[in-house]
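# Coordinate analysis (summary)
The chain contents come next:
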Amino acid sequence: MDYVEIALLLAGFVLLVLGYRRNRRGWLVAAALLLFLSGNLGPFARGVAEGWASVGSAPSVASGHH
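Structure report, in brief. (Residues numbered from 1 in each chain as written. Predicted model: local features only at pLDDT ≥ 70, side-chain atom pairs only at ≥ 80, totals over all residues. Heavy atoms only, no water.)

## So, the overall build of the protein
A count of helical and extended segments in the protein gives two helices and zero strands. By element, 67% of the accessible surface of the protein is carried by carbon and sulfur atoms, the whole surface being about 5700 Å². (Helix = DSSP H or I, 4+ residues; strand = E, 2+ residues; numbered from the N terminus. Areas by Shrake-Rupley, 256 points an atom, 1.4 Å probe, with all protein chains shown as cover.)

Given below as structure tokens:
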């Protein structure tokens, strides 16, 4: 997971510099998204994994009303 975060960080910086120099707004938006994901991908993946694991161990809820 660390390699993915580093790759996203580097790609975000490259797009940020290129987007700024070439005045491309789309590249700047993509850079912002990549930089956001680089910092939040690890906690998001852990949260999804924990949530998925808790669904298997949670008691089922009855579909009808009492």
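From this point on, the discussion continues.
## Some points on unusual backbone geometry
Where the residue is not glycine, phi is negative for most of them; where a peptide bond is considered, it is trans in most cases. One non-glycine residue, Asn23, lies in positive phi territory at about 55 degrees. With respect to the helices, strands and loops of the structure, Asn23 is situated in the loop between α1 (2-21) and α2 (25-57).

## Brief notes about the packing of aromatic side chains
Overall, the coordinates contain zero aromatic pairs when judged by the stated rule. Over the face of the ring belonging to Trp27 we find Arg24, whose NZ or CZ atom lies 5.4 Å from the ring centre. (Phe/Tyr/Trp six-rings, centres within 6.5 Å; stacked < 30°, edge-to-face > 60°. Lys NZ or Arg CZ within 6 Å of the ring centre and 35° of its normal.)

## Notes on the environment of Phe36
Mapped onto the elements, Phe36 comes out in helix α2. Separated by 28 residues in the primary sequence, Phe36 and Leu8 have C-alpha atoms spaced 9.0 Å apart.

## Description of a nonpolar patch on the surface
Taken together, the side chains of Leu9, Phe13 and Leu16 define a hydrophobic patch exposed on the protein surface, amounting to about 240 Å² of accessible area. Judged by relative accessible area, which is 43%, Phe13 ranks as partly exposed. (Patch = residues over 30% accessible without salt bridge, like charges linked within 9 Å, V, L, I, M, F, W, Y side chains within 5 Å. Salt bridge = Lys/Arg side-chain N within 4 Å of Asp/Glu carboxyl O. Buried < 20%, exposed > 50% of the residue type's maximum accessible area, 1.4 Å probe, protein only.)

## Notes on the side chain of Ser38
In this structure, Ser38 sits in helix α2. Among the polar contacts made by the side chain of Ser38, one reaches the main-chain carbonyl oxygen of Leu35 at a distance of 2.8 Å. Look past the residues within four positions of Ser38 in its chain and what remains in contact with it is Glu5, Leu8 and Leu9. (Polar contact = N/O pair within 3.5 Å; in protein donor to acceptor, adjacent residues only side chain to side chain. Contact = heavy atoms within 4.5 Å.)

## Some words on the environment of Ile6
When you line up the elements, Ile6 lands in helix α1. A relative accessible area of 47% means that Ile6 is categorised as partly exposed. Remark: the alpha-carbon pair of Ile6 and Gly39, spanning 33 residues in sequence, is separated by 9.3 Å.

## Structural notes on the environment of Leu10
If you trace the backbone, Leu10 turns up in helix α1. On the basis of relative accessibility, which here comes to 52%, the residue Leu10 falls in the exposed class. For the pair Leu10 and Leu34, spaced 24 residues apart in sequence, the C-alpha separation works out to 8.9 Å.

## Comments concerning α1
Taking 1.5 Å per residue as the helical rise, α1 with its 20 residues ought to reach 28 Å, and the 29 Å between its terminal C-alpha atoms agrees with that figure. Looking at α1, one finds that the buried residues are Leu8, Gly12 and Gly19. On an axial view of α1, the arc spanned by its buried residues comes to 45 degrees, and they lie on one face. Opposite the buried face of α1, by more than 90 degrees, sit the exposed residues Asp2, Tyr3, Leu10 and Arg21. Just downstream of α1, Asn23 is the residue with a positive phi angle, here 55 degrees. (Expected span 1.5 Å × (residues − 1). Arc of directions from axis to C-beta.)

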